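Structural overview for review
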Amino acid sequence: MTFVAKPKVHHPRLPLNELGLTRRDYEGSVSTLCAGCGHDSVSAAIVQACAELSLPPHRFSKISGIGCSSKTPSYFLNRSHGFNSVHGRMPSVATGANMANQDLYCIGVSGDGDSASIGLGQFAHIVRRRINMLYIVDNNGTYGLTKGQFSATNDKGSTSKKGKPNLYESIDLVGLALQLGASFVARSFSGDKKQLVPLIKAGLMHKGFAFIDVISPCVAFNNHQGSTKSYDYVRGHIESVTMADFIAPQQEITADYEPGSTEDVAMPDGSRMRLRKLDDSYDPRDRFAALAHVLERQAAGEVVTGLLYVDPDSTDCHEIMNTIQKPLNTLVENDLCPGNGALDRINASYR
Amino acid sequence: MSTVYNDFVIRFANVNGSGSASANGMFAKALFRMGIPVATRNIFPSNIQGLPTWFEVRVNERGYLGRREGGVDVMVAMNAETYAEDVASVTPGGYLFYDNSKPLAPSLRRSDIHEIGIPFSNLLLTEYTDIKQRGLFKNITYLGALAELLNIEFEVITGMVSAQYKGKDALIRPNINALEIGRNYARDYLGGPLKFQVRRVDLNGDKIMVDGNTAAALGSLYGGATVCAWYPITPSTSVAEAFERYAGQMRVDKETGQNKFAIIQSEDELAAIGIVIGAGWNGARSFTATSGPGISLMSEFLGLAYFAEIPAVIWDIQRAGPSTGMPTRTQQADLIGSAYASHGDTRHVLLFPSTPRECFDFGADALDLADRLQTPILVMSDLELGMNDNMSEPFAWDDSRMYDRGKVLDAEALEGVNRFGRYLDVDGDGIGYRTYPGTHPSKGAFFTRGTSRDEFAAYTESPDAYVRNMDRLVKKWETAATLVPKAEIHDRGQKAGIIYYGTSALPMQEALDLLGAEGIHLDQMRIRAFPFGAEVRSFIESHDVLFVVDQNRDGQMRQLLVNELGVDPARLVSIRYYGGLSISADHIQGKVSEHYTTRKLARLTEVKS
């Protein structure tokens with residue numbers, strides 16, 4: 001970690017977004033994670049995505065559990081409220097926060113211990129409930145704060161820093177999310193900003209539950225030879241099936257694409273997500289094929305990345321529950337209290 | 001044989017899942033509508049179908065509504081499996097109703113009780129061809145026979161049947177037919193009225209008869225709860241279910257047909273409390289309902305909410321311990337576990353309702369207190385209050401009442417704040433100002449953590465900052481003691497007093513009258529909240545001997561009093577009952593009287609002028 005405080009002034013020619021804000025307005029406090037930690041790259045990607053989307057930087061709720069990854073909501077979007085809650089229980093807190101105010105963007109940051117071990121149950125159920133949020137797992141396959149124990153996403157046979165192999169099957173959160181019906185499932189790599197930033201944008205704009213599993217190496221405990229979550233291993237075994245580009249409603253399409261077929265996915269707010277298929281045989285709208293492909297490549301020791309599945313007709317929990325459009329936390333006595341008159345009828349029914 | 005009016009205990013022994021609840025409920029309701037005070041108790045197994053279940057009604061003109069010891073006056077024995085114990089539980093001179101389609105085994109016969117055999121099975125064999133219907137109508141048939149023999153106004157019952165099946169008119173006639181079969185058989189073949197009779201009085205005024213869980217749900221709805229997250233657990237389930245029912249009726253936006261509430265049946269109690277805390281953090285009034293095991297699971301989150309200072313309301317419908325079986329019985333055994341739930345130095349506000357009306361009031365008050373104190377509020381009901389129909393004052397709401405949302409700064413207020421400090425004690429009451437997420441573009445955002453923060457919510461592991469924060473929480477606790485519902489005290493200057501809470505209120509008047517008759521006169525204090533207000537301390541200080549009534553083994557309220565107020569334990573005599581039924585007046589009277597006898601304490605003979 002660094003002990004140098006962030007300067008409050010910034011370069012006068014930093015580009016302004018549509019709200020007249022610079023990227024600095026989307027930053028958080030200085031990170032206390034290790035130098036080179038993948039999680040800091042994820043935080044930086046969140047900052048860039050939110051700034052480029054020109055989203056109001058105070059209109060987020062940032063929720064996390066406990067662990068290195070769960071510290072990161074301090075390191076982005078300082079103008080928004082954050083909540084470092086209970087180990088493994090970020091999903092329930094995020095659910096409650098989203099119930100109270102559906103107008104806020106909700107970003108949940110969790111880790112592999114937080115989501116795949118202690119919090120696996122809550123992870124499964126928030127997927128089912130389709131909470132409208134972006135759920136990011138900073139996945140490094142290890143427990144950093146307690147110094148290097150295996151987590152449940154650590155691959156079988158992958159070794160610890162001391163050379164001991166992991167003897168147990170790993171839990172793949174992408175596979176689970178696909179199986180449980182998440183409407184947006186992606187995997188990325190903290191070292192691939194070009195892929196990660198557009199995915200974060202698309203995930204934020206997605207209506208419903210958007211999940212990104214980000215392989216984010218732990219430089220202190222899981223970046224050695226023998227680990228399948230190290231920078232070197234991931235770089236050597238990555239297979240990108242799609243690239244996603246987020247296109248704002250009015251934006252002209254001028255991007256310079258590399259060859260490969262593209263497909264536009266309409267987003268609820270009028271924007272589009274342009275999917276560029278790097279593998280022509282891959283169909284990101286086929287949930288079952290996506291699941292099969294991910295599992296198959298995983299068995300071959302490869303890490304499939306990109307937007308793996310998206311349901312363009314997705315829905316969210318509020319729609320399912322038929323809640324009023326107005327945030328529940330803005331309702332007042334007149335909206336909520338039936339008044340004494342209504343009690344006459346109720347009392348009469350109990351006589 | 002002298003007739004006893006409006007004073008008896010009747011018990012129905014049934015097989016779980018046989019549809020008896022409806023008929024038994026109508027029996028109690030009929031007496032209630034005749035203006036007679038009644039108390040109902042459902043003793044049920046952890047089972048859907050087949051195991052024994054009992055429904056007991058105490059009828060009493062003096063309003064003694066606690067459980068009565070010493071057997072039942074009228075037993076309606078409809079379960080062959082429990083027949084022996086049911087026959088044995090009848091008081092000498094009492095009555096046993098049974099189905100004499102088959103003869104009673106000689107070993108079960110008693111010469112000191114009246115046997116009233118009615119051939120229910122045979123009577124219904126010709127009337128109803130469907131076996132299931134025959135079973136259901138058997139219950140209605142015994143209701144008809146009881147109406148005749150106890151002198152219940154028949155049209156009160158038929159009126160209830162008509163109201164209950166309104167819209168399903170095809171069911172009204174067969175039900176009334178079943179009632180008439182029972183009534184006619186009793187009139188034609190059974191001799192005279194029973195010793196126990198009911199007669200119309202006017203003692204119930206505008207009272208209602210309702211279960212505490214329904215009342216809790218209504219109070220939460222009136223109090224502005226918008227988020228309810230819960231996990232099914234007996235005996236609390238009906239809180240959330242009633243909230244869903246009433247919200248569906250009264251909280252749907254007329255224009256859009258959309259809900260002004262969100263109910264989530266979560267995957268477990270950990271998620272339920274997590275959702276409540278997330279919603280509370282984001283400014284929505286939220287609550288959950290659970291029982292003891294749920295409190296255990298929620299404990300980690302309760303600690304976080306205490307430290308992070310987040311409003312939450314938790315209804316604990318207490319039951320008898322873990323696992324399955326006894327947990328369908330009542331107890332007040334979660335006090336210590338709830339008061340100090342979680343890791344670190346924690347203390348939680350508890351409320352103790354004792355009637356459905358109080359469940360309603362506390363439903364709303366708890367939401368106000370949670371917002372005002374920015375902390376979890378646990379409302380400690382129990383199965384006895386929550387799941388049984390209890391007579392109660394009717395629900396009432398003051399339409400001028402505004403919700404107390406506590407110290408919340410909106411965007412306009414933030415404009416006037418130079419530097420916002422979430423945990424600054426600006427007003428000296430230990431309570432800081434909070435902001436909801438998304439309020440202001442540049443002011444008022446803060447990062448919520450359990451510990452490790454300074455007054456401005458900045459991360460710190462400074463020992464001084466930690467101590468300052470913990471000491472402020474103590475100050476907040478002292479503020480809480482001035483805001484929670486005050487104890488209800490009846491102090492006539494006696495030397496001895498009795499302290500109780502929750503459903504121990506039900507048998508209390510009867511217990512006091514029994515004790516009074518033997519020269520023991522006690523002042524009373526019904527505790528309604530923890531932390532204890534100043535009135536609790538002064539009541540204790542002004543009495544020489546104090547009895548503390550608990551429905552748990554370890555005298556948990558007594559422990560809290562000793563622990564929190566530093567009372568000499570020797571001054572607090574523990575009266576405990578923990579068999580899983582509700583505490584009786586006889587039990588309280590017996591224990592207090594025994595203490596007077598063994599300690600040779602003076603009894604007073606009341607001077608009658």
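1. Examining the overall build of chain B
- Tallying secondary structure elements over chain B gives 19 helices and 23 strands in all.
- The C-alpha radius of gyration computed for chain B amounts to 27 Å, which stays within 12% of the reference 25 Å derived for 609 residues, consistent with globular compactness.
- Judged by the C-alpha coordinates and their principal axes, chain B covers about 90 × 70 × 45 Å.
- Relative to all contacts within chain B whose residues are 6 or more apart in sequence, the contacts with residues 24 or more apart total 75%.
- Accessible surface for chain B amounts to roughly 23200 Å². Of this, 50% is attributable to carbon and sulfur atoms.
- Of the charged side chains in chain B, 61 are positive and 74 negative, and the gap between their average positions amounts to 2 Å.

2. Details of the sheet that holds strand E17 (residues 447–448) of chain B
- Spatial strand order, E9(A)-E13(A)-E7(A)-E8(A)-E4(A)-E3(A)-E1(A)-E2(A)-E17(B): nine strands in an open sheet with mixed pairing. Two strands lie at the open edges of the sheet, namely strand E9 (238–240) of chain A together with E17 of chain B, each paired on one side alone.
- Here helix H9 (residues 269–281) of chain B sits on the sheet and contacts strand E1 (60–64) and strand E2 (81–84) of chain A together with E17 of chain B; the angle it forms with E2 of chain A, its principal contact strand, is near 155 degrees.

3. Concerning the pairing of strand E3 (residues 38–43) of chain B
Residues and elements named next belong to chain B.
- The buried count for E3 comes to five of six residues, which makes it a mostly enclosed element.
- As defined by bridge partners, E3 adjoins strand E4 (residues 52–60) across six bridges and the pair is classed as antiparallel. If you follow Val-38 over to E4, its bridge partner there is Val-59.

4. What to know about the interface of chain A and chain B
- Each partner contributes to the interface: chain A provides 54 residues, whereas chain B provides 70 residues.
- For the pair chain A and chain B, the summed buried area comes to about 5200 Å², and 60% of that belongs to carbon and sulfur atoms.
- Of all residues in chain A, His-81, Tyr-350 and Arg-351 of chain A give up the largest surface area on contact with chain B, accounting jointly for 16% of the area buried on that side.
- A salt bridge links Arg-129 of chain A to Glu-267 of chain B; its shortest N-O distance comes to 3.0 Å.

5. Some points on the domain arrangement of chain B
- We note that the domain assignment places domain 1 (4–197), domain 2 (209–392), domain 3 (411–483) and domain 4 (488–598) within chain B.
- Of note, the centres of domain 1 of chain B and domain 3 of chain B, computed from C-alpha atoms alone, are 60 Å apart.

6. Thoughts on the layout of surface pockets
Residues and elements named next belong to chain B.
- Considered as a void within the structure, the second largest pocket measures approximately 1300 Å³ in volume.
- Lining the second largest pocket are 44 residues, and of these Ala-21, Ser-22, Gly-25, Asn-42 and Asp-389 lie nearest its centre.
- The set of elements that each furnish at least two residues to the lining of the second largest pocket consists of strand E2 (7–15), helix H1 (20–33), E3, E4, helix H5 (154–164) and strand E9 (208–211).
- The element that contributes the greatest number of residues to the lining of the second largest pocket is H1, accounting for nine residues.
- When its residues are assigned to classes, the lining of the second largest pocket shows 15 nonpolar, 23 polar and six charged.
- Split by domain, the lining of the second largest pocket shows at least three residues from each of two domains, domain 1 (4–197) and domain 2 (209–392).

7. A short note on the packing of helix H12 (residues 356–373) of chain B against helix H15 (residues 463–483) of chain B
All names here are of chain B.
- It is at 11 Å that the axes of H12 and H15 come closest, and there the two elements cross at 150 degrees. Accordingly, the angle class assigned to the pair H12 and H15 is roughly antiparallel. Remark: the crossing between H12 and H15 carries right-handed chirality. For the pair formed by H12 and H15, the contact residues are Leu-369, Arg-372 and Leu-373 on the first element and Lys-476, Ala-480 and Leu-483 on the second.
- Here the contact of H12 with H15 is built from residues that sort into four nonpolar, no polar and two charged.

8. Considerations on the environment of Val-30 of chain A
- Mapping Val-30 of chain A onto the fold places it in the segment before helix H1 (38–52).
- For the pair Val-30 of chain A and Ala-5 of chain A, spaced 25 residues apart in sequence, the C-alpha to C-alpha distance is 6.8 Å.

9. Quick word on the side chain of Asn-16 of chain B
Residues and elements named next belong to chain B.
- With respect to the helices and strands, Asn-16 occurs in the loop between E2 and H1.
- Looking at Asn-16, the relative accessible area reads 14%, which means it is buried.
- At 2.6 Å, the side chain of Asn-16 forms a polar contact with the backbone oxygen of Asn-47.
- Apart from residues no more than four positions distant in its own chain, Asn-16 is found in contact with Pro-45, Asn-47, Ile-48, Gln-49, Gly-50, Leu-51 and Thr-53.

10. Some thoughts on the pairing of strand E11 (residues 262–266) of chain A
Residue and element names in this part refer to chain A.
- Here E11 pairs with strand E12 (residues 272–277) via five bridges, running antiparallel. Its bridge partner being in E12, Val-265 is matched across the sheet by Met-273.
- Between the end of E11 and the start of E12, which pair antiparallel, lie five residues, with Gly-270 showing a positive phi angle near 95 degrees.

11. Structural notes on the sheet that holds strand E21 (residues 529–530) of chain B
Residue and element names in this part refer to chain B.
- Spatial strand order, E11-E10-E12-E13-E15-E14-E21: seven strands in an open sheet with mixed pairing. A single partner strand is all that each edge strand has here, and the edge strands are strand E11 (262–265) and E21.
- In the sheet, strand E14 (residues 349–351) pairs with E21 via two bridges, with the strands oriented antiparallel. Along E21, the bridge assignment pairs Leu-351 with Ala-529.

12. A short note on helix H7 (residues 193–205) of chain A
- Given a rise of 1.5 Å per residue, 13 residues ought to cover 18 Å, and the 18 Å separating the end C-alpha atoms of H7 of chain A matches this to within 8%.
- Among all positions of H7 of chain A, only Gln-195, Leu-196, Val-197, Pro-198, Leu-199, Ile-200, Lys-201, Ala-202, Gly-203, Leu-204 and Met-205 of chain A are buried.

Thresholds, definitions, all that
- Residues numbered from 1 in each chain as written.
- Chains lettered and ligands numbered in written order.
- Predicted model: local features only at pLDDT ≥ 70, side-chain atom pairs only at ≥ 80, totals over all residues.
- Heavy atoms only, no water.
- Helix = DSSP H or I, 4+ residues; strand = E, 2+ residues; numbered from the N terminus.
- Rg over C-alpha atoms; globule rule 2.2 N^0.38 Å.
- Contact = heavy atoms within 4.5 Å.
- Areas by Shrake-Rupley, 256 points an atom, 1.4 Å probe, with all protein chains shown as cover.
- Lys, Arg positive; Asp, Glu negative; His and termini not counted.
- Charge placed at Lys NZ, Arg CZ, Asp CG, Glu CD.
- Pairing = 2+ DSSP bridges.
- Axes fitted to C-alpha atoms, helices over the stretch in contact; angles between N-to-C directions.
- Buried < 20%, exposed > 50% of the residue type's maximum accessible area, 1.4 Å probe, protein only.
- Buried area = accessible area lost by both parts, 1.4 Å probe.
- Salt bridge = Lys/Arg side-chain N within 4 Å of Asp/Glu carboxyl O.
- Domains from an automatic or database assignment.
- 1 Å grid on protein atoms, 1.4 Å probe; cavity = no way out; pocket = protein on both sides within 12 Å on 5 of 7 lines; lining within 4 Å.
- Points joined across faces, edges and corners; volume = space filled by probe spheres on them.
- Nonpolar A, V, L, I, M, F, W, Y, C, P; charged D, E, K, R; others polar.
- Parallel < 35°, antiparallel > 145°, perpendicular 65-115°, else oblique.
- Left-handed = near helix turned anticlockwise from the far one by under 90°.
- Polar contact = N/O pair within 3.5 Å; in protein donor to acceptor, adjacent residues only side chain to side chain.
- Expected span 1.5 Å × (residues − 1).

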